[in-house]
Amino acid sequence: MNYLSEFPQLGFGVMRLPYLDDKIDMEKAQAIVDEYMKGDFCYFDMHPSYMGKQAEELVREFVVKRYPRDSYLLADKMPLNIKEFADYGKYFNASQTVCGVSYFDFYLLHAITRDVYERHERLGGFRYMQDLKEQGVVRYIGFSFHDKPELLDEILTKHPEMDFVQLQINYLDWESPVICSKKCYEIARKHSKPIFVMEPIKGGSLANKTDSLQEDEKLGASDLAELALKFVASLPGITVILSGMSEVGHVIDNRKTLLKVGELNERERQLIQNLREKITKVNKIQCTACGYCMEDCPQRIPIPSILALLNACGKNGETLQVYPYQKRIYSGYVFNKGTAGSCIKCGKCENRCPQKLPIREYLAQAASLFEKSPTEVKLQRATYKYRTLRDWMKVLQSGNSLEPYFKYKGFGVMAVYGIGEIGELLIQEIKNYKTVRIEYGIDKKAKILVKDIPLVEPDDVLQEVDVVVVTPTFDFENIERQLRSKINCPIVSLDEIIKWCL
Ligand code: SF4
Ligand code: SF4
């Protein structure tokens, strides 16, 4: 089978299978998968964290165990939280084991933005992908992309070994200055890359427009979904179109649409144009994505991307509706940058905004929609703290300490970030070690805390040490991002050290 010419494939995104009483409805989910496998398509797209981290297991149970390996195609992805080269192998092997397969047909670096790309370049991610292909454990390598066309061009120029690219393409984002579907599509075509499409119906939202839009055009939800799919499928060079199908009917409808797809006719073009204009008009936030607001933002918040997401949530009049895929996109946008909730309300962005938008207000709204509530954050903090202490206790009970980690890594002088209860315990523990000492502590409350080590605030000049150990591990990525511009040494979380010692 020549996988890259027998398409366009309707790809099965394993991310929206139905639930029953908070658990996956296994019977219904299996029926959907079986219906899909009956037809002409056989491409399953997953990620270790989809479906509450169950996507890979579901594929193993529904597909791998029940169909011959050469009757379906599997695409999986490298998680985002890679910290060192060894993590690539760790995550890939875990995915292989959970899925129960000796190879993946397609494997992707997931959700590439500028920061994620630079991290993979630094850590050797592209080299690792090529190794996988050479070892025969992956047939085609690629990446999914969420940034500007210029970056896509840069990556595809530098990495011609990438076999394909996965882009967000739908008729609404086609001309969007934030998503830039059309421009990204053109770049991928320029590099002759097969294009795999995600969000062709924008997570279902293009099939779920306001009543007035449907009435005006006399369209039902399935007509709207069909139109959105047809728009994407009629573009030359599209190899796979992903759809997160959650009902047998979705499979049947989507399959029908893709099997008969051809050029859009004049009426369909006009319809798409009308819908695009109407939906764009409903957009309440008139952000032009000029990017001026980000130039001075001390928190590096990706403001235009967040505002575009807020617009996408507001299509039902005043009620903001968030689809799970939008939360995923939000996480990608703010990865290694500032979250909406991290805004310190300095107002610098609003002084820069030519549209005079109340950005701080919008960010507060975004934080409440896309981020955890203060109670959830409290709970999450407590859970992390409990796990840290539990695992640390296990290290001590097995007669070990954390010292071997520092010895092995050659760290003799350290700084501790976060001098709360756990930070204090760590300070006392390190005092017992012979090969490592604490030079100073870093804490937002450095000015009012009294400890027997020197303390500084995160914004102060940070003296170089061998390693900074972060004790508020639940917020490690944000803290690491803040410290990274100020210090060159490794920054590790206490959990990582404890896990190494277990
Ligand atoms: S108000 Fe918030 S978003 Fe605006 S510049 Fe300040 S920190 Fe950044
Ligand atoms: S400056 Fe205003 S219009 Fe420009 S991207 Fe920022 S919020 Fe949007």
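Thresholds, definitions, all that
Along every chain, residues carry numbers that run from 1 in the direction the sequence is written. Lettering for chains starts from A, numbering for ligands starts from 1, and both go in the order in which the items are written. Under the rules for a predicted model, residues below a pLDDT of 70 receive no local features and side-chain atom pairs below 80 are neither given nor counted, while totals for whole chains, interfaces and linings still include all residues. With axes taken as lines fitted to C-alpha atoms, and helix axes fitted only over the stretch in contact, angles between N-to-C directions fall between 0 and 180 degrees. Secondary structure is summarised from DSSP: a helix means a run of H or I of at least four residues, a strand means a run of E of at least two, and numbering begins at the N terminus for each. Orientation labels follow simple angle bins: below 35 degrees gives roughly parallel, above 145 gives roughly antiparallel, 65 to 115 gives roughly perpendicular, and whatever is left gives oblique. Note that contacts rest on C-beta atoms placed from the backbone: two residues are in contact if these are within 7 Å. Each residue is assigned to one of three groups, with Ala, Val, Leu, Ile, Met, Phe, Trp, Tyr, Cys and Pro labelled nonpolar, Asp, Glu, Lys and Arg labelled charged, and all others, Gly among them, labelled polar. Here, nearness is defined through the C-beta atom: a residue counts as near a molecule or strand if that backbone-placed atom lies within 6 Å of it. These domain limits were set by an automatic method or by a database of domain assignments. Partly exposed residues are those whose C-beta has more than 12 but fewer than 20 other C-beta atoms within 10 Å; 20 or more makes a residue buried and 12 or fewer makes it exposed, with C-beta atoms placed from the backbone. Pairing between two strands is assigned when DSSP locates at least 2 bridges connecting them. Handedness of a crossover is defined as follows: orient the strands so they point away from the viewer, and if the path from the first strand over the helix to the second runs clockwise, the crossover is right-handed. The term nonpolar core refers to a set of buried Ala, Val, Leu, Ile, Met, Phe, Trp, Tyr and Cys residues connected through C-beta atoms within 7 Å. To estimate how far a helix should reach, multiply one less than its number of residues by 1.5 Å. Put simply, a crossing is left-handed when the front helix is turned counterclockwise from the back one by less than a right angle, and right-handed when it is turned clockwise.

A.B. asks: Residues and numbers for the packing of helix 13 (residues 303–313) against helix 14 (residues 324–334), please.
C.D. replies: The N-to-C vectors of helix 13 and helix 14 enclose an angle of 175 degrees; their axes lie 10 Å apart at closest approach. Taken together, the axis directions place helix 13 and helix 14 in an arrangement best described as roughly antiparallel. Counted together, Ser305, Ile306, Leu309, Ala312 and Cys313 of helix 13 and Gln326, Ile329, Tyr330 and Tyr333 of helix 14 form the full contact between these two elements. Of the residues that constitute the contact of helix 13 with helix 14, the class distribution is seven nonpolar, two polar and no charged.

A.B. asks: Explain the site of ligand 2 residue by residue, including any values.
C.D. replies: Around ligand 2 lies a shell of 15 residues, among which Cys287, Cys290, Cys293, Pro304 and Cys353 are the nearest. A per-element tally of the shell around ligand 2 places helix 13 first, with three residues. Split into classes, the residues belonging to the shell around ligand 2 amount to 11 nonpolar, three polar and one charged.

A.B. asks: Any chance you could break down the site of ligand 1 for me, citing the residues and the numbers?
C.D. replies: Around ligand 1 lies a shell of 15 residues, among which Cys297, Cys343, Cys346, Lys348 and Cys349 are the nearest. Those elements that provide at least two residues to the shell around ligand 1 are helix 15 (348–352) and helix 16 (359–370). Of all the elements, helix 16 adds the most residues to the shell around ligand 1, at three residues. Grouping the constituent residues of the shell around ligand 1 by class yields 10 nonpolar, two polar and three charged.

A.B. asks: Describe the domain arrangement of the protein chain, listing the residues and the values that go with them.
C.D. replies: If you check the domain split of the protein chain, you get domain 1 (9–261), domain 2 (292–371) and domain 3 (394–501). Here the C-alpha centre of domain 3 lies 39 Å away from the C-alpha centre of domain 1.

A.B. asks: Explain the pairing of strand 9 (residues 195–198) to me, and be specific about the residues and the numbers.
C.D. replies: Where burial is concerned, the two faces of strand 9 agree: the one with Ile195 and Val197 and the one with Phe196 and Met198 are both buried. For strand 8 (residues 164–168) and strand 9, the ladder comprises four bridges, and the chain directions are parallel. Of the residues in strand 9, the one forming a bridge with Val165 is Ile195. This β-α-β element, strand 8 to helix 8 (residues 181–190) to strand 9, shows right-handed connectivity. Inspection of the sheet shows strand 9 paired to strand 10 (residues 238–243) by three bridges, in the parallel sense. Counterpart to Val197 in the pairing with strand 10 is Ile241.

A.B. asks: Give me the nonpolar core: which residues, what numbers.
C.D. replies: Soluble globular proteins tend to bury their nonpolar side chains together. Val14, Phe44, Val59, Val197, Ala228 and Ile241 are the most contacted members of the largest nonpolar core, which has 108 residues in total. Counting residues per element, this core draws most heavily on helix 10 (residues 221–233), at eight residues. When residues of this core are sorted by domain, at least three fall in each of domain 1 (9–261) and domain 2 (292–371). Setting aside residues no more than four positions away along its own chain, Val14 makes contact with Phe44, Asp45, Met46, Tyr50, Met51, Ala55, Leu58 and Val59. Among the nonpolar cores identified, the runner-up in size contains 26 residues, and Met414, Val467, Val469 and Ile479 belong to it.

A.B. asks: Please set out the sheet that holds strand 14 (residues 467–470) residue by residue, giving values where relevant.
C.D. replies: Adjacent strands of a sheet pair through backbone hydrogen bonds, lying either parallel or antiparallel. What the five strands build is an open sheet, ordered 13-12-11-14-15; its pairing is parallel. Two strands in the sheet have a free side with no partner beyond their single neighbour: strand 13 (455–456) and strand 15 (491–493). Looking at chain direction, strand 14 and strand 15 are connected through three bridges and run parallel. Looking at strand 15, one finds that Val470 is bridged to Ser493. Sitting on the sheet, helix 19 (residues 421–430) is in contact with strand 11 (413–417), strand 12 (437–442) and strand 14, with an inclination near 165 degrees to strand 12. Set on the sheet, helix 21 (residues 494–501) makes contact with strand 14 and strand 15; between it and strand 15 the angle comes to about 70 degrees.

A.B. asks: Outline the environment of Gln326, listing residues and values.
C.D. replies: On the secondary structure map, Gln326 appears in helix 14. Gln326 gets classed as buried once you count the C-beta atoms within 10 Å, which come to 20. Linking Gln326 and Tyr72, residues 254 residues apart in sequence, is a C-alpha distance of 28 Å. Filtering out sequence-adjacent residues up to four positions away, Gln326 remains in contact with Gly203, Leu309, Ala312 and Cys313.

A.B. asks: Residues and numbers for helix 10, please.
C.D. replies: Residues separated by three or four positions in an α-helix point in the same direction, a consequence of the helix having 3.6 residues per turn. Over its 13 residues, helix 10 extends 18 Å from the first C-alpha to the last, a length consistent with the 18 Å expected when each residue adds 1.5 Å. Judged by how many residues are buried, helix 10 sits mostly within the fold: 10 of 13 residues are covered. Within the sequence span of helix 10, burial applies to Leu224, Ala225, Glu226, Leu227, Ala228, Leu229, Lys230, Phe231, Val232 and Ala233. Taken together, the buried residues of helix 10 touch strand 9, strand 10, helix 11 (248–259) and helix 12 (266–282).

A.B. asks: Please provide a residue-by-residue account of the sheet that holds strand 7 (residues 138–145), values included.
C.D. replies: Spatial strand order, 1-4-5-6-7-8-9-10: eight strands in a closed barrel with parallel pairing. Ignoring strand direction, the axes of neighbouring strands in this sheet form an average angle of 30 degrees. Sheet strands touched by helix 6 (residues 125–135): strand 6 (104–112) and strand 7. Its angle to strand 7, the strand with the most contacts, is close to 150 degrees.

A.B. asks: Tell me about the pairing of strand 5 (residues 73–78), and please be specific about residues and values.
C.D. replies: Burial runs high along strand 5: six of the six residues are buried. Alignment of strand 4 (residues 43–45) against strand 5, held across three bridges, turns out to be parallel. In the sheet register, Phe44 faces strand 5, and the bridge partner there is Leu74. Alignment of strand 5 against strand 6, held across four bridges, turns out to be parallel. Looking across to strand 6, one finds that Ala75 is bridged to Phe106.

A.B. asks: Kindly report on the packing of helix 7 (residues 149–158) against helix 8, identifying the contributing residues and their values.
C.D. replies: The geometry of helix 7 relative to helix 8 is characterised by a closest axis approach of 9 Å and an angle of 15 degrees between their N-to-C directions. When the axis of helix 7 is compared with that of helix 8, the two are roughly parallel. Where helix 7 crosses over helix 8, the handedness of that crossing is right-handed. Counting all contacts with helix 7, which are made through Pro149, Leu152, Asp153 and Leu156, the residues of helix 8 involved are Lys183, Cys184, Ile187 and Ala188. Here the contact of helix 7 with helix 8 is built from residues that sort into six nonpolar, no polar and two charged.

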